Amino acid sequence: MIDIRIADDVARITLNAPDRLNALDEHALRELSAAYEEAERGGVRALVLRGEGRAFCAGRDISAVDPRDDDVIGFLGGIVTPLLKRMAAFPAPTFATAHGACLGVGLGLLIATDVVYVAESAKIGSPFAALGATLDSGGHALFAERLGAHKTLDLIYTGRLMSGAEAVASGLFSRVFPDDEVQTATMDAAHAAARGATAAFLASKRLIARIRDERLSLWESIDLENAAQAALCDTDDYREGFAAFQQKRKPEFRGR
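Model, not experiment: these values are computed from the prediction.

*Asks:* Sorry if this is basic, but what is going on with the overall build of the protein here?
*Replies:* Looking only at helices and strands, one finds 10 helices and 9 strands in the protein. A compact globule built from 256 residues would reach a C-alpha radius of gyration of about 18 Å, and the protein, at 19 Å, matches this within 12%. Expressed along its principal axes, the backbone C-alpha trace of the protein runs to roughly 65 × 40 × 35 Å. The long-range fraction of contacts in the protein, counting pairs at least 24 apart against all pairs at least 6 apart in sequence, stands at 69%. Entry remark: accessible area of the protein is about 13,400 Å², with carbon and sulfur atoms responsible for 53%. Averaging the locations of the 29 positively and 36 negatively charged side chains of the protein gives two centres separated by 4 Å.

*Asks:* Honestly, the sheet that holds strand S2 (residues 10-15) in this entry has me stumped. Any pointers?
*Replies:* Sheet strands associate in pairs through backbone hydrogen bonding, adopting either a parallel or an antiparallel arrangement. Pairing in this open sheet of 6 strands is mixed, and the strands run S1-S2-S3-S4-S6-S9 from one edge to the other. Only two strands of the sheet have a single neighbouring strand rather than two, namely strand S1 (2-7) and strand S9 (175-177). Strand-to-strand twist in this sheet, taken as the mean axis angle between neighbours without regard to direction, amounts to 20 degrees. Bridge analysis of S2 against strand S3 (residues 46-51) gives 6 bridges, and the strand direction is parallel.

*Asks:* Help me understand the layout of surface pockets, please; the structure alone is not making it clear to me.
*Replies:* Empty space among the atoms becomes visible once a probe the size of a water molecule is rolled across them. Estimates place the volume of the largest pocket at around 1,200 Å³. Around the largest pocket sit 40 residues that line it, and Ala88, Ile111, Ala112, Thr113 and Arg212 are the ones nearest its centre. Of all the secondary structure elements, the ones that give two or more residues to the lining of the largest pocket are helix H2 (72-88), strand S4 (94-98), helix H3 (105-111), strand S6 (115-119), helix H4 (139-147) and helix H8 (198-214). Class assignment of the residues belonging to the lining of the largest pocket gives a composition of 23 nonpolar, 8 polar and 9 charged. Taken as a whole, the second largest pocket encloses approximately 500 Å³ of empty space. Surrounding the second largest pocket, 20 residues form its lining, Arg60, Ile62, Phe128, Leu131 and Ala133 being those nearest its centre. When residues in the lining of the second largest pocket are grouped by element, the largest group, 3 residues, is from H2. A class-by-class count of the residues in the lining of the second largest pocket yields 14 nonpolar, 3 polar and 3 charged.

*Asks:* Any chance you could explain the pattern of salt bridges here in plain terms?
*Replies:* A side chain with one charge may pair with a side chain of the opposite charge, provided their charged atoms come close. Taken as a whole, this structure holds 10 salt bridges when the rule is applied. Across the pair Arg41 and Glu37 runs a salt bridge whose closest N-O atoms are separated by 3.6 Å. Pair noted here: Arg41 and Glu37 are both in helix H1 (residues 26-41), with a separation of 4 residues, about one helical turn. Taking the relative accessible area as the measure of exposure, Arg41 reaches 61% and is therefore exposed.

What counts, and at which threshold
- Residues numbered from 1 in each chain as written.
- Predicted model: local features only at pLDDT ≥ 70, side-chain atom pairs only at ≥ 80, totals over all residues.
- Heavy atoms only, no water.
- Helix = DSSP H or I, 4+ residues; strand = E, 2+ residues; numbered from the N terminus.
- Rg over C-alpha atoms; globule rule 2.2 N^0.38 Å.
- Contact = heavy atoms within 4.5 Å.
- Areas by Shrake-Rupley, 256 points an atom, 1.4 Å probe, with all protein chains shown as cover.
- Lys, Arg positive; Asp, Glu negative; His and termini not counted.
- Charge placed at Lys NZ, Arg CZ, Asp CG, Glu CD.
- Pairing = 2+ DSSP bridges.
- Axes fitted to C-alpha atoms, helices over the stretch in contact; angles between N-to-C directions.
- 1 Å grid on protein atoms, 1.4 Å probe; cavity = no way out; pocket = protein on both sides within 12 Å on 5 of 7 lines; lining within 4 Å.
- Points joined across faces, edges and corners; volume = space filled by probe spheres on them.
- Nonpolar A, V, L, I, M, F, W, Y, C, P; charged D, E, K, R; others polar.
- Salt bridge = Lys/Arg side-chain N within 4 Å of Asp/Glu carboxyl O.
- Buried < 20%, exposed > 50% of the residue type's maximum accessible area, 1.4 Å probe, protein only.

Printed below as a string of structure tokens:
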């Protein structure tokens, strides 16, 4: 159910089980991990993740799960979390298109993506109270950081789903678009990034991750920025960027 297409230095990975709202079982998650591995081997300079049909991803496919013998730790800790870590560490800018249901593991896929463009139709939240389950795949961390404890628990207790516009206004994701524009906007952004200074983008990606995960101070962050800038001085793209500025022309970055 996972399709991958690579062209013009951009990988497009599609969750392609629209009849199940792209819900993911163990096999599909392993396929998705393999698609990211293939994209990395292909040396792409940007990646787009999208869902086919009416939804991005409705979460885990529980249609055949028996809760009496469900290995939750094996599924979440052994399969989902390693996949999310692989996605977050992908060595190029990553983008996702979020439309329709974006729930559970599906929400986690968005959290592990650098930039998320959201359709107005998106439904984001924690509808798991009806299952006697709780939010997983990083949802608590995202909501608590961006919404605060009170709004997070309100969403969890009530099961209310946020619209795409509300999610963006709350700072969860990047930008909101009409449903018929969001796919094009995401691909355009990815192609623009693929023509950019990849090493500089990755430096910023790593910096943001460390600032978030290590709770760095302003001055610690500045020290890391200084070191990253010094390392970039040795790249072809850095020299090309300066030359283009001085010659008043558009730079031609090659990702080196």
